[in-house]
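Spelled out from the first residue to the last, the chains are:
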Amino acid sequence: MKKLYSFYWDCGRMGNLQGLFIAEESEVQKILSKEVYFGEVLGKYSEIYGTVDFEDIEVVSELGVS
């Protein structure tokens with residue numbers, strides 16, 4: 001079943017990275033404890049990357065869509 005998730009990273013003085021996405025729970029489980037690279041999304045030379053942890057992602061709503 002697909003769910004609506006919220007993602008949030010505090011990136012210190014550069015700002016924060018946040019967003020909403022829809023995914024299957026199995027897809028979210030695959031990225032936990034994996035390193036991701038977002039590039040310079042918070043400005044030139046920001047280089048945002050890190051390991052996605054369980055506390056970075058929160059279920060907002062269960063959509064009930066298969």
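Residues numbered from 1 in each chain as written. Predicted model: local features only at pLDDT ≥ 70, side-chain atom pairs only at ≥ 80, totals over all residues. Heavy atoms only, no water.

**Quick word on the sheet that holds strand 1 (residues 2-10)**
Within a beta sheet, neighbouring strands are joined by backbone hydrogen bonds and run either parallel or antiparallel to one another.
Here is step 1: Across the sheet, 3 strands lie side by side as 2-1-5; this open sheet has antiparallel pairing. Only two strands of the sheet have a single neighbouring strand rather than two, namely strand 2 (16-24) and strand 5 (57-62). Pairs of neighbouring strands in the sheet enclose a mean axial angle of 25°, with direction left out of account.
Here is step 2: Bridge analysis of strand 1 against strand 2 gives 9 bridges, and the strand direction is antiparallel. (Pairing = 2+ DSSP bridges. Helix = DSSP H or I, 4+ residues; strand = E, 2+ residues; numbered from the N terminus. Axes fitted to C-alpha atoms, helices over the stretch in contact; angles between N-to-C directions.)

**Focus on the nonpolar core**
Here is step 1: Core analysis: the largest hydrophobic core is formed by 11 residues, namely Tyr 5, Phe 7, Trp 9, Cys 11, Leu 17, Ala 23, Val 28, Leu 32, Ile 48, Val 52 and Ile 57.
Here is step 2: Breaking this core down by element, the ones donating at least two residues are strand 1 and strand 2.
Here is step 3: Broken down by element, this core gets its largest block of residues, 3 residues, from strand 1.
Here is step 4: Among residues more than four places away in sequence, those in contact with Leu 17 are Phe 7, Tyr 8, Trp 9, Cys 11, Phe 38, Val 41 and Ile 48. (Core = buried A, V, L, I, M, F, W, Y, C linked by side-chain atoms within 4.5 Å. Buried < 20%, exposed > 50% of the residue type's maximum accessible area, 1.4 Å probe, protein only. Contact = heavy atoms within 4.5 Å.)

**Considerations on the layout of surface pockets**
Here is step 1: Reported here for the largest pocket is a volume of approximately 150 Å³.
Here is step 2: As for the largest pocket, its lining consists of Lys 3, Tyr 5, Glu 25, Val 28, Gln 29, Leu 32, Phe 54, Ile 57, Glu 58 and Val 59.
Here is step 3: Elements that contribute at least two residues to the lining of the largest pocket include exactly strand 1, helix 1 (25-31) and strand 5.
Here is step 4: Its residues placed into classes, the lining of the largest pocket shows 6 nonpolar, 1 polar and 3 charged. (1 Å grid on protein atoms, 1.4 Å probe; cavity = no way out; pocket = protein on both sides within 12 Å on 5 of 7 lines; lining within 4 Å. Points joined across faces, edges and corners; volume = space filled by probe spheres on them. Nonpolar A, V, L, I, M, F, W, Y, C, P; charged D, E, K, R; others polar.)

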